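Read off the chains here:
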Amino acid sequence: QVQLVESGGGLVQPGGSLRLSCAASGTIFRIYVMGWYRQAPGKQRELVATITSGGTTNYADSVKGRATISRGNAKNMVYLQMNSLKPEDTAVYYCHAALSTNNYWGQGTQVTVSS
């Protein structure tokens, strides 16, 4: 079992920055990839970025060059730094952890980009 808790969402102006955090607990040693997904109203959940246990990262084209995913030294934290935010980045952002047998999701944190 893995529990994920996100934090760091909020209201930010276009062009601003935000850092999301996800704290994982439970059998974290079994996690082989963690990531961030987002879901805007009326749209399907989509990938934002992932990072493997070995540190390999992957980004959606829509955020490349604006987003950085990273893990903490203790490996139970994953962060998403987003810069140059656009109104179309507005969504609920979910932390995700993949194990060989299961996938886990956090409860989500709202990010709103608006002036």
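Structure shown above.
A. A look at the state of the cysteines. The full count for this structure, using the stated rule, is 1 disulfide. The disulfide bridge from C22 ends at C95, spanning 2.1 Å between sulfur atoms. Here the S-S torsion is close to -85°, and the disulfide linking C22 with C95 is therefore left-handed. Of this pair, C22 sits in strand 3 (residues 18–26) while C95 sits in strand 9 (residues 91–98), and the two are 73 residues apart along the sequence. As far as the burial class goes, C22 and C95 line up, both buried.

B. Representation of the pattern of salt bridges in the model. The final tally for this structure, using the stated rule, is 4 salt bridges. Here R38 makes a salt bridge to D89, at a shortest N to O gap of 2.9 Å. Placement of R38 in strand 4 (residues 33–39) and of D89 in the loop between strand 8 (77–82) and strand 9 is noted, with a sequence separation of 51 residues between them. Take R38: its relative accessible area is 6%, and that puts it in the buried class. With a closest N to O distance of 3.2 Å, D61 and K64 form a salt bridge. A single network of salt bridges, built from pairs that share partners, joins R38, E46, R66 and D89.

C. Quick peek at the nonpolar core. Counting residues in hydrophobic clusters, the biggest one holds 31 residues, and the most contacted among them are L4, M34, W36, L80 and Y93. Listing elements by their share of this core, those giving two or more residues are strand 1 (2–7), strand 3, strand 4, strand 5 (46–52), strand 7 (67–71), strand 8, strand 9 and strand 11 (109–113). Those residues in contact with Y93 that lie beyond four places of it in its chain are E6, L20, W36, Y37, R38, V48, L80, M82, G108, T109 and V111.

D. Region of the structure containing the pairing of strand 11. Residues T109, V111 and V113 of strand 11 are buried on one face, while the alternating residues Q110 and T112, pointing to the opposite face, are not. Direction of pairing for strand 2 (residues 10–12) relative to strand 11: parallel, over a ladder of 3 bridges. Of the residues in strand 11, the one forming a bridge with G10 is V111. Where strand 9 and strand 11 come together, 3 bridges link them in antiparallel fashion. From the neighbouring strand, A91 faces strand 11, where its bridge partner is V111.

Parameters and conventions
Residues numbered from 1 in each chain as written. Predicted model: local features only at pLDDT ≥ 70, side-chain atom pairs only at ≥ 80, totals over all residues. Heavy atoms only, no water. Disulfide = S-S within 2.5 Å. Helix = DSSP H or I, 4+ residues; strand = E, 2+ residues; numbered from the N terminus. Buried < 20%, exposed > 50% of the residue type's maximum accessible area, 1.4 Å probe, protein only. Salt bridge = Lys/Arg side-chain N within 4 Å of Asp/Glu carboxyl O. Core = buried A, V, L, I, M, F, W, Y, C linked by side-chain atoms within 4.5 Å. Contact = heavy atoms within 4.5 Å. Pairing = 2+ DSSP bridges.

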